[in-house]
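Topology and contacts: notes
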Amino acid sequence: MALLELKNITKYYNQVIPALDNVSFSVDVGEFVSIIGPSGAGKSTLLRCINRMVEANSGEISVDGVISSSLTKKKLRTLRTKIGMIFQHYNLVDRLTVIENVLHGRLGYKSTLAGVLGRYSQEEKKQALRIIRILGLEEQVYKRCDQLSGGQKQRVGIARALIQNPKIILCDEPIASLDPNASKIIMDHLRDISTEMGITVIVNLHQVEIALKYSDRIIGVNKGKVVFDGSPLELTAGQIQTIYGSESEDLIFDLGQRHAG
Amino acid sequence: MRDDIFTKRRNDNLGFFALLIVLTIGSIIITKYDVMKGFSSISKALIWGGSNFYPDAESLRILPQILPKLQETVLMSIAATTVAAVFALFLSLAGSRTTRINRIFSVISRGIASLFRNIPLVAWAMVLMLAFSQSPLTGYFALFFASLGFLTRAFMETIDEVGNNSIEALQATGAGYFHIIFQAVLPASMPQMISWLLYMIETNIRDATLVGVLTGTGIGFSFDLYYKRFDYHAASLVVIFIVITVMLIEFVSNNIRRVIL
């Protein structure tokens, strides 16, 4: 059975043009899926509908067998603990240290009082340090996040998502503010998370080449509609043009570096 | 097209200065203010102050009387400000766009803040005089209400400024409302809030003198007493002590700011 299933998701921000128009697809355990499309195509909205940070107007989403749209507030929190999220602007609390930010990923499991007081168990702290080490941040553990580079901040973001023990990680433009070097480190980590830990990774991306190189599967979105859904090997120059519209005529794509699957 | 923007900007600036000049000249004519006489009397005032308004050896006899008054005024200002800050924190959390529970709470707390802020301190003092007569309590509540209004507004802006990026991230991990307040909002905005609190304490020590004149308590009353007895030497000594106290407090709070910001 699919881990994540979207059925006929439609979302209107205003009455006229839908941000998402009848979107349906399903994703399996451990899949690495890239969502590509021009700015304003609805990629961010699509991602946020999955953990209900944005409420869809109609349609049904099931995550790990649970239909999310009907959940109460408390059950929704439990569901969100299974879904990690990574942001373009990292969304860390800059004045807190790396380890404090990472441990924020455990708050979904905590009672109100324990969370308010920031009481984490020995086991949680050990796990945080383990994840921080995997991501190569062991020297920054007690540094404040405003002293980190962009790439390091994004790795803290990944660590915060991983400590949730998620089944899915959603990444909203994770490398859009990073230089090519840091971008590669982040994408390599995300690829490892999918391959080695078996966590499903769904990434919104601007860069088609990176989507081709890292993904098991690409979903192309234009004007709120899914216009392509298939493996990187099936994506042709013509289809890229359908996804990006007429603006892509002059763009040059290097279709050589595809993920072998 | 570009030229138009530059011409427009220059015309805007010219228009603004023309308006300023018209307002100034207009108000001088309406109030029949004699500019020359105004400036020449400044020197007269300075000469009078220099020959009368200074402490002499004889006025030092009042030190044992004014020092306890000064202490009372400073402590009352600090107490009024810190207690107001606690209430302002709750009101600002309820009122801020990013942390409000719902629109109604937000409107109510913004309304309270605006009401308390827009009634002048002097009016508070006079009205409260009717309730508490001449006692330190009158000054305490006058400062408390005025500070509450100002601090609520300042705290609200601080919370809005730290933004909802990290709030969004914690919501996505499944964290609850109080988790987010205590783990993201407060750590991010606390230094700026403390800075506002220190500023308010400084301002309130100055204003407490004025309130003291009106309500007949504290150091303000001492000043009023000596001034009305034409004992200018003693009155000037009181002023000097107020200035020294305010400068000391400013020095201390600047140092605190440097550490926390």
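Residues numbered from 1 in each chain as written. Chains lettered and ligands numbered in written order. Predicted model: local features only at pLDDT ≥ 70, side-chain atom pairs only at ≥ 80, totals over all residues.

1. Points about the overall build of chain A
Our working definition: A helix here means a DSSP run of H or I that spans at least four residues, while a strand means a run of E at least two residues long, and both kinds are numbered starting from the N terminus. Here the C-beta atoms are placed from the backbone, and a residue counts as buried if at least 20 other C-beta atoms lie within 10 Å of its own, exposed if 12 or fewer do, and partly exposed otherwise. What counts as a contact is two residues whose backbone-derived C-beta atoms lie within 7 Å of each other.
The number of helices and strands found in chain A is 9 helices and 10 strands. Expressed as a percentage of its 261 residues, the buried residues of chain A come to 43%. Excluding contacts between residues fewer than 6 apart, the proportion of contacts in chain A whose partners are at least 24 apart in sequence is 69%.

2. Observations concerning the overall build of chain B
In plain terms, the rule: Both definitions apply: the radius of gyration is a C-alpha atom measure, and the globule rule equals 2.2 Å times residues to the power 0.38.
A tally of helices and strands in chain B yields 10 helices and 0 strands. In sequence order, the secondary structure elements of chain B are arranged as α-α-α-α-α-α-α-α-α-α. For 261 residues, the compact-globule estimate of 2.2 N^0.38 gives 18 Å, and chain B exceeds it by more than 25% at 24 Å. If one aligns the C-alpha atoms of chain B with their principal axes, the spans along those axes are about 70 × 55 × 40 Å. Going through the 261 residues of chain B one by one, you find that 35% of them count as buried. For chain B, long-range pairs separated by at least 24 residues make up 72% of all intrachain contacts whose partners lie at least 6 apart in sequence.

3. Remarks on the nonpolar core
This is how it is decided: Note on terminology: a nonpolar core is any set of buried Ala, Val, Leu, Ile, Met, Phe, Trp, Tyr and Cys residues joined through C-beta atoms within 7 Å.
A:Ile202 and B:Leu151 are the most contacted members of the largest nonpolar core, which totals 129 residues. Ignoring sequence-local partners within four residues, the contact set of B:Leu151 consists of B:Ala84, B:Ala85, B:Ala88, B:Trp196 and B:Met200.

4. Some points on the interface of chain B and chain A
At the junction of the two partners, chain B supplies 18 residues and chain A supplies 24 residues. Mapped by element, the contributors of at least two residues to the side of chain B that touches chain A are helix 7 (165-173) and helix 8 (177-215) of chain B. When residues in the side of chain B that touches chain A are grouped by element, the largest group, 8 residues, is from helix 7 of chain B.

5. Thoughts on the domain arrangement of chain A
Residue and element names in this part refer to chain A. Definition in use: An automatic or database domain assignment is the source of the domain bounds shown.
Along its sequence, chain A is carved into domain 1 (1-82 + 170-261) and domain 2 (92-165). Between domain 1 and domain 2, the C-alpha centre-to-centre distance is 25 Å. Each partner contributes residues to the interface: domain 1 has 10 residues there, and domain 2 has 9 residues. Listing elements by their share of the side of domain 1 that touches domain 2, those giving two or more residues are helix 2 (73-81) and helix 7 (180-197). Sorting elements by how many residues they give to the side of domain 1 that touches domain 2 places helix 7 first, with 4 residues.

6. A closer look at helix 7 of chain A
All names here are of chain A. Let me state the cut-off plainly: Multiply 1.5 Å by the residue count of a helix minus one, and that product is the helix's expected span. Our arc is simply the arc of the directions from the helix axis toward the C-beta atoms.
Here helix 7 contains 18 residues, and its C-alpha end-to-end distance of 25 Å stays within 8% of the 26 Å for a straight helix at 1.5 Å per residue. Of the residues making up helix 7, those classed as buried are Ile186, Met187, Leu190, Ile193 and Ser194. Along the axis of helix 7, the buried residues cluster in a sector spanning 110 degrees; they form a single face. Facing away from the buried side of helix 7 by over 90 degrees, the exposed positions are Asn181, Asp188 and Glu196. Taken together, the buried residues of helix 7 touch strand 3 (32-36), helix 6 (150-162), strand 7 (168-172), strand 8 (200-205) and helix 8 (208-214). Two residues or fewer past helix 7, Gly198 is found with a positive phi of approximately 70 degrees.

7. So, the domain arrangement of chain B
Structurally, chain B comprises domain 1 (2-51) and domain 2 (59-260). Taking the mean C-alpha position of each, domain 1 of chain B and domain 2 of chain B sit 33 Å from one another.

8. What about the packing of helix 3 (residues 63-95) of chain B against helix 6 (residues 136-162) of chain B?
Residues and elements named next belong to chain B. Where we set the bar: Think of each axis as a best-fit line through the C-alpha atoms, taken over the contacting stretch in the case of a helix, with angles from 0 to 180 degrees between the N-to-C directions. Roughly parallel covers angles under 35 degrees, roughly antiparallel covers those over 145, roughly perpendicular covers 65 to 115, and oblique covers all other angles. If you view the pair so one helix is near and one far, a crossing is left-handed when the near helix is turned anticlockwise from the far one by less than a right angle, and right-handed when it is turned clockwise. Residue type decides the class: Asp, Glu, Lys and Arg count as charged, Ala, Val, Leu, Ile, Met, Phe, Trp, Tyr, Cys and Pro as nonpolar, and the leftover types, Gly among them, as polar.
One can describe the packing of helix 3 onto helix 6 by two numbers: an axis separation of 6 Å at closest approach and a directional angle of 40 degrees. If you check the angle between helix 3 and helix 6, you find them oblique. When you trace helix 3 past helix 6, the crossing you get is right-handed. Per-class residue counts for the contact of helix 3 with helix 6 are 19 nonpolar, 7 polar and 1 charged.

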